[in-house]
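Next come the chains, spelled out residue by residue.
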Amino acid sequence: MSMSTKTVPKLALFPPMTKVNKEGHLVIGGCDVVDLAEEFGTPLYILNESTLRHKCREFKDEFGKYYPDTLVIYASKAFLNQALALIFKEEGLGLDVVSGGELSIAHSVDFPLDKVYCHGNNKTPEELKLALDWGVGRIVVDNFYELEMLNKLAKKRGISQNILLRLTPGIDPHTHQYTTTGTIESKFGFPLATGQAEEAVNQASSASNLNLLGLHFHLGSQISEIQPFELAIELVLGFARQMSQKFGFHLGEFDIGGGFAVPYTVDSRVPAIADYAKAVTSKLAGLISGLEPSRPRLIIEPGRAIVAQAGVALYKVGAIKEIPGIKKYVCVDGGISDNIRPALYGARYEALVANKALEPERDTVTIAGKLCESGDTLVKDVNLAAVRPADIIAVAVCGAYSIPMSSNYNAMPRPAIVMVKEGRARLIRRRETYQDLMSLDSI
Ligand code: LLP
């Protein structure tokens, strides 16, 4: 496995081909980010289009190489808007959506809805109706309540809906507690260990208007070990074999979820996409012989691993507070309103001064946000070049789960987002205005 044991240079965390120009400015996607900050304001999120596309292809190629019948569906929750949905459509990916909102974004760009998989532990009747009326490919049924409701709704429409069942294999992927989903006490899915998974297969197989196509599991997110995937594949395929003997169930699709980890810091050690692909597909190949007549289609649901590295957050420095002998805070113009991950999960990031990228990093500082919370720090104890007010800070690996988890806390307008490619930048979401913040209010 190609896990490095050394630290990598900070620049290697930014989108590949990120450079520093002779002014010492960071250049991403051919654009000087200091110019971008000037033109579009800060905080600003930059997405590098070629990194995004490259990651889509890497997943398709690496898994497809060993297991040709693989469908990569992007987990929209990591970050979706119309521009991104169009890119994923062009790259031939499917989509995992978890709400009527995500489904509507896909629908708005004519995303092929037969490649959309609807997830969620509490899909509302309205969301299920929308999914059925728009003809989504698969609904991943999470519980008995949904199973019954979905069958009724499909019956009413005179259709047979393709479904997968979400199973809880009872495996701990050793990641953050909040992003662990495959253990028995999880709110998601039918547990294998309690017999509820078997009962779900029984009910789904006999439901008049549901077509049980396959099984799904998702263990969690930022899983930096491969073994939990292997264990879960073994367990769930064993279960599939039992179900085929008991109920004549045929595994047409096998969805192993997402959770592939990305490096956030110079000392992160995570498997490469190729490592996950090789391990998962060889485990699968070794076990599916008992499932003939046909091999199941493999579905994977990466979110973070597709968008994270493509994204960079830019902030402008304001106040600098030094507590002699104790700490130095560099305060920026965003914070937990645009990236709650450090506060919520203790997530770690790397940052640099984007307009001083050639200068030595001799200052150890904490980058703090501007929100009224002591917990509003973005990066703790990071080495930076000598920093002054009005400098631009760039935080790497910000493409996943920051914008979609952003809020208007402290009535902060959400940042603008630009997509960069070959020296050009286009706005893919404008910055919110104060007027926007009040636009839904009435007196
Ligand atoms: N499939 C399902 C059913 C999921 O629930 C998720 C993520 C994914 C796929 C994609 O997982 P990924 O490949 O992105 O790890 N807010 C947290 C992450 C929550 C993930 C929720 N589910 C964070 O910021 O780390």
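Given the structure is predicted, the values throughout are model-derived calculations rather than measurements. (Residues numbered from 1 in each chain as written. Predicted model: local features only at pLDDT ≥ 70, side-chain atom pairs only at ≥ 80, totals over all residues. Heavy atoms only, no water.)

Caption draft 1: How the structure looks around the pattern of salt bridges. On inspection of all chains with the given rule, the structure shows 23 salt bridges. Between Glu23 and Lys22 there is a salt bridge, and its shortest N-O distance comes to 3.8 Å. Lys152 is the salt-bridge partner of Glu148, the closest N and O atoms lying 3.3 Å from each other. Separated by 4 residues within a single helix, Glu148 and Lys152 lie in helix α6 (residues 144-156), roughly one turn from each other. Among the residues examined, Lys152 registers a relative accessible area of 52% and is labelled exposed. (Salt bridge = Lys/Arg side-chain N within 4 Å of Asp/Glu carboxyl O. Helix = DSSP H or I, 4+ residues; strand = E, 2+ residues; numbered from the N terminus. Buried < 20%, exposed > 50% of the residue type's maximum accessible area, 1.4 Å probe, protein only.)

Caption draft 2: Main features of α6. Taking 1.5 Å per residue as the helical rise, α6 with its 13 residues ought to reach 18 Å, and the 19 Å between its terminal C-alpha atoms agrees with that figure. Taken together, the buried positions of α6 are occupied by Glu146, Leu147, Met149, Leu150, Asn151, Leu153 and Ala154. On its buried face, α6 sits against α5 (125-134), β8 (138-141), β9 (161-168), α7 (196-206) and β11 (210-216). For α6, the side-chain oxygen to backbone nitrogen distance between the N-cap and Tyr145 is 3.3 Å, and the N-cap itself is Asn143. Trailing α6 by a residue or two, Gly158 shows a phi angle of about 65°, which is positive. (Expected span 1.5 Å × (residues − 1). Contact = heavy atoms within 4.5 Å. Polar contact = N/O pair within 3.5 Å; in protein donor to acceptor, adjacent residues only side chain to side chain.)

Caption draft 3: Expanded view of α5. Taken together, the buried positions of α5 are occupied by Leu128, Ala131 and Leu132. Looking straight down α5, one finds its buried side chains confined to an arc of 95°; they lie on one side. α5 presents Glu126 and Asp133 as exposed residues on the side facing more than 90 degrees away from its buried surface. Considering only its buried residues, α5 is in contact with α4 (100-108), β7 (116-118), β8, α6 and β9. Once α5 ends, the next one or two residues include Gly135, with phi positive near 75°. (Arc of directions from axis to C-beta.)

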